[in-house]
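Here are the chains, one letter per residue:
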Amino acid sequence: MEQIVNFLTGNKIPIGAWGKQFFTFLTTNFAWFFDSIARGLTFILESIVVLLLWFPPLVLVAAETTATAPRCFQGLSLIHI
């Protein structure tokens, strides 16, 4: 039994080293690609934040509650849009 344990712990597949080399290669050679994806996603997320901050918070809450409330509770909302 000890021989099997020694064999398994002594002969490891270097998956961690291979993964590190692979991701180092990707980030070194394709940094322009990942940077463009990051810039595009940053633009989209910041645009959504600007759009949501343009409206007063109570208007957004009222619009959401009237849009998603069950029919029987729609008449109970405080603000109707």
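Preceding this section is the structure that the text describes.
Bear in mind the structure is a predicted one, so any value in this text is a computation, not a measurement.

## Things to note about the overall build of the chain
- Of the regular secondary structure elements, the chain holds four helices and zero strands.
- When the helices and strands of the chain are placed in sequence order, the string is α-α-α-α.
- Residue burial in the chain is summarised as follows: out of 81 residues, 5% are buried.

## Overview of the packing of helix H2 (residues 15-29) against helix H3 (residues 31-54)
- Their axes nearest at 5 Å, the elements H2 and H3 cross at an angle of 75°. As far as their axial angle goes, H3 and H2 are roughly perpendicular. Touching Leu 26, Thr 27, Thr 28 and Asn 29 of H2 are Ala 31, Trp 32 and Phe 34, all from H3.
- A per-class count over the contact of H2 with H3 returns four nonpolar, three polar and no charged.

## Remarks on the packing of aromatic side chains
- The full count for this structure, using the stated rule, is six aromatic pairs.
- With a centroid separation of 6.2 Å and an interplanar angle of 80°, the aromatic rings of Phe 25 and Phe 30 are classed as edge-to-face.
- With relative accessibility at 47%, the residue Phe 25 sits in the partly exposed group.
- Judged by relative accessible area, which is 33%, Phe 30 ranks as partly exposed.
- Through a chain of ring-to-ring contacts, three or more aromatic side chains come together here, namely Phe 25, Phe 30, Trp 32, Phe 33 and Phe 34.

About the criteria used
Residue positions are given per chain, counting from 1 as you read along its sequence in written order. For this predicted model, a pLDDT threshold of at least 70 governs which residues receive local features, and a threshold of 80 or more governs which side-chain atom pairs are given and counted, while totals over whole chains, interfaces and linings are taken from all residues. For side-chain calculations, the full set of non-hydrogen atoms in the structure is used, while hydrogens and water are omitted. Starting at the N terminus, helices and strands are each numbered in turn, a helix being any DSSP run of H or I of at least four residues and a strand any DSSP run of E of at least two. Partly exposed residues are those whose accessible area sits between 20% and 50% of the maximum for their type, while under 20% is buried and over 50% is exposed, using a 1.4 Å probe and protein chains only. Every axis corresponds to a line fitted to the C-alpha atoms, with the helix fit spanning only the stretch in contact, and the corresponding angles, defined between N-to-C directions, vary from 0 to 180 degrees. The scheme is simple: roughly parallel for angles under 35 degrees, roughly antiparallel for over 145, roughly perpendicular for 65 to 115, oblique for anything else. In this analysis, two residues are considered to be in contact whenever any of their non-hydrogen atoms come within 4.5 Å of each other. Gly is put with the polar residues, along with every residue not named as nonpolar or charged; the nonpolar set is Ala, Val, Leu, Ile, Met, Phe, Trp, Tyr, Cys and Pro, and the charged set is Asp, Glu, Lys and Arg. Only rings of Phe, Tyr and Trp enter the pairing, Trp through its six-membered ring, and a pair is recorded when the two centres are within 6.5 Å. The plane angle decides the type: under 30 degrees is stacked, over 60 is edge-to-face, the rest tilted.

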